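Structural features, examined
This is what each chain is made of:
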Amino acid sequence: MKDNEYIINVQGLVKSFNGLKVLDGVDFEISRGEVVTILGPSGCGKSTLLRCMNLLEKPDSGHVLFEGTDLTEQSSADIIRYRRKIGMVFQHFNVFPHLTALENITLAPVENGMLSKEEAEKKALALLERIGLSDKKDEYPTRLSGGQKQRLAIVRSLIMEPDVMLFDEPTSALDPEMVMEVLDVIRELADSGMTIVVVTHEMGFAREVSDRVLFMYNGSILEEGTPSEVFDHTKNERAKDFFRKVIAN
Amino acid sequence: MIRNIIAIASRYGNVFLLGLWNTVWLSVVSVTFAAVLGIFIALAKMSKIRPLSRIAACYIEVIRGTPMLLQLYFFWLALPNLFPEIPDIICILIALVVNASAYVAEIIRAGIQAVDPGQREAAMSLGMTEKKIMSRVIFPQAIKNILPALGNEVIVMIKQTSLASTFFIGELMTAYKKVQSTTFLALEPLTIAGLIYLFLTVTLSRLTKRLEQRMRANER
């Protein structure tokens, strides 16, 4: 593994939906072990940017380099293989309602032929233990709270041993009292050295865990730097205005 | 009249029972075959391969846009041209299957599309192949929407098979015609046939409703 290389390097990303330009030439890169937070008002393109990184969204132009490989030039079969190295957690959890907690975690590695059923179950139990849901292993997601579902969704990605984890507003759909338990899992993951990109509105969390913060507006990155540079010393008027509004409440 | 009904029911009970049996198996068999065929038509219609989805859309449009009775005549007339030995009942069965397959295909497509798109995205992000996403994530959830609707399709089919009596293939309306032509009584055997249809459809819709509740109760 080449340590000095970028895990993800996005170059000149452009994406439109029905003629509306959502990403307007975005460039940025993430190094191994880095925790990057993407902030910005709704509709600024931050989720789309994240979804382009594992090609859930196909960019109109530009490149997405994952560990040096341009994903936009890969066959769909190869993209499927690269996605196994890029974990993703969604706003609405997207846990599989027809499977138990344990089956949710073991489905992909077993179906992808990466682990035997026994190996997968052993790993899944350890992961459930780690997020304190061992006693829920045979429960269906209906019986889990939002916070529990999101924690389950996180370890469902982790069993693939991804090189990077993408979080798309992981706490936005949660009741306030459940936000902390999910942020704690992400924080622990960051502390363990995982490379993380997170789109969030949790400013306090962004300030605390991020190595770098990006501020997006209208499909472009307007500001980029350490949390203190961006939150406290930005010269960008749009960014200042945004932080004033979100930090006020 | 009620006395006549009772008399006819006891005298010709076995004729009606045979009709009932034929109606039931025709409906169940045709919907079963239609379900298998319908899966492929639904997948074809949702396919990204343009000509394939066009053909499927066309098939569904033609079948749903023409009367069942016409389709029965069509297959009854056309199939013996290709296969001179083919029995009437097979022609009728094929017509029923073709007819139901178009409706079932739409039921299946709607069932699949009702599954939250986030489920597919989650499976994609886990690097699952399209085939596995369909078979292990989407379809097991879609089936909960599809099965109750298929139950309703059986009910529709039970009533539709009455049209096949035009070809005297022995279902419930054929039974009515037989009894009517031997007894010269029409209203009474018709009432009996009606009660049997009603019994069938009411029972089935109860079962379907229970199935629906059980599927909902399990999850979500």
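Computed from a prediction, not measured in an experiment: that's the story for all the values here.

**Focus: the layout of surface pockets**
Its boundaries defined by the atoms lining it, the largest pocket holds a volume of some 870 Å³. The wall of the largest pocket is formed by 28 residues, among which K48, R120, M124, E130 and I133 of chain B lie closest to the centre. Elements with a minimum of two residues in the lining of the largest pocket: α2 (76–83) of chain A together with α2 (13–46), α5 (88–113), α6 (117–125) and α7 (130–160) of chain B. For the lining of the largest pocket, the per-class residue count stands at 15 nonpolar, five polar and eight charged.

**As for the nonpolar core**
L49, M53, I154 and I196 of chain A together with F16 of chain B are the most contacted members of the largest nonpolar core, which totals 132 residues. With 13 residues, α5 of chain B is the largest single contributor of residues to this core. Leave out the neighbours within four places in its chain, and L49 of chain A touches V10, L13, L23, V26, F28, I38 and M216 of chain A. Grouped together as the second largest cluster of nonpolar side chains are ten residues, A206, A239, F242 and F243 of chain A included.

**Re the side chain of T208 of chain B**
Residue and element names in this part refer to chain B. As for its position among the elements, T208 is in helix α9 (residues 187–218). Here T208 falls in the buried class, since its relative accessible area comes to 6%. Excluding anything up to four places from it in sequence, T208 contacts P148, G151, N152 and I155.

**Quick word on the packing of α2 of chain B against helix α8 (residues 172–183) of chain B**
All names here are of chain B. Relative to each other, α2 and α8 sit at 160 degrees, their axes nearing to 7 Å. Overall, the two elements α2 and α8 adopt an arrangement that is roughly antiparallel. Where α2 crosses over α8, the handedness of that crossing is right-handed. Contacts from V15, F16, G19, L20 and T23 of α2 reach α8 at L172, A175, Y176, K178 and V179. The class makeup of the residues in the contact of α2 with α8 is seven nonpolar, two polar and one charged.

**Looking at the interface of chain A and chain B**
In this assembly, 23 residues from chain A lie in contact with 20 residues from chain B. Interface of chain A and chain B: buried area, both sides summed, is about 2000 Å²; carbon and sulfur atoms make up 59% of it. Here chain A is connected to chain B by three salt bridges. A salt bridge links K132 of chain B to E111 of chain A; the nearest nitrogen and oxygen atoms lie 2.8 Å apart. Run the count over chain A and chain B and you get ten residue pairs in polar contact (both at pLDDT 80 or more). Sorting the residues of the side of chain A that touches chain B by element identifies α2, β6 (86–89), α3 (101–111) and α5 (146–158) of chain A as the ones contributing at least two each. Within the side of chain A that touches chain B, the residues separate by chemical class into twelve nonpolar, six polar and five charged.

**Some details on the sheet that holds strand β10 (residues 220–225) of chain A**
All names here are of chain A. Reading across from one edge, β6-β7-β8-β3-β9-β10 is the order of the six strands in this open sheet, with mixed pairing throughout. Each end of this open sheet is capped by a strand with a single partner; those strands are β6 and β10. Going from strand to strand, the sheet's axes swing by 20 degrees on average, the running direction of each strand aside. Bridge analysis of β6 against strand β7 (residues 164–168) gives four bridges, and the strand direction is parallel. Along β7, the bridge assignment pairs V89 with F167.

**Topic: the pattern of salt bridges**
Scanning the entire structure with this criterion turns up 28 salt bridges over all chains. Measuring nitrogen to oxygen at the nearest pair gives 4.0 Å for the salt bridge that ties K15 of chain A to D60 of chain A. Taken together, the residues span a long stretch of sequence, with K15 of chain A in strand β1 (residues 6–17) and D60 of chain A in the loop between α1 (46–53) and β4 (61–66) at a distance of 45 residues. On the basis of relative accessibility, which here comes to 47%, the residue D60 of chain A falls in the partly exposed class. Put simply, R120 of chain B and E130 of chain B hold a salt bridge, and the shortest N to O gap is 3.0 Å. On the criterion of sequence distance, the pair formed by R120 of chain B in helix α6 and E130 of chain B in helix α7 is long-range, its members being ten residues apart. By sharing partners, the salt bridges in this structure join E29, E34, R212 and E224 of chain A into a single network.

**Some details on the packing of aromatic side chains**
Residue and element names in this part refer to chain B. With the rule as written, the count across this model stands at nine aromatic pairs over all chains. Considering the side-chain rings of Y73 and F167, the 5.0 Å spacing of their centres and the 70 degrees angle between planes classify their relative orientation as edge-to-face. In this pair, Y73 is assigned in helix α4 (residues 68–82) and F167 in the loop between α7 and α8, connecting sequence segments 94 residues apart. Judged by relative accessible area, which is 35%, Y73 ranks as partly exposed. Under the relative-accessibility criterion, F167 is labelled buried at 7%.

About the criteria used
- Residues numbered from 1 in each chain as written.
- Chains lettered and ligands numbered in written order.
- Predicted model: local features only at pLDDT ≥ 70, side-chain atom pairs only at ≥ 80, totals over all residues.
- Heavy atoms only, no water.
- 1 Å grid on protein atoms, 1.4 Å probe; cavity = no way out; pocket = protein on both sides within 12 Å on 5 of 7 lines; lining within 4 Å.
- Points joined across faces, edges and corners; volume = space filled by probe spheres on them.
- Helix = DSSP H or I, 4+ residues; strand = E, 2+ residues; numbered from the N terminus.
- Nonpolar A, V, L, I, M, F, W, Y, C, P; charged D, E, K, R; others polar.
- Core = buried A, V, L, I, M, F, W, Y, C linked by side-chain atoms within 4.5 Å.
- Buried < 20%, exposed > 50% of the residue type's maximum accessible area, 1.4 Å probe, protein only.
- Contact = heavy atoms within 4.5 Å.
- Axes fitted to C-alpha atoms, helices over the stretch in contact; angles between N-to-C directions.
- Parallel < 35°, antiparallel > 145°, perpendicular 65-115°, else oblique.
- Left-handed = near helix turned anticlockwise from the far one by under 90°.
- Buried area = accessible area lost by both parts, 1.4 Å probe.
- Salt bridge = Lys/Arg side-chain N within 4 Å of Asp/Glu carboxyl O.
- Polar contact = N/O pair within 3.5 Å; in protein donor to acceptor, adjacent residues only side chain to side chain.
- Pairing = 2+ DSSP bridges.
- Phe/Tyr/Trp six-rings, centres within 6.5 Å; stacked < 30°, edge-to-face > 60°.

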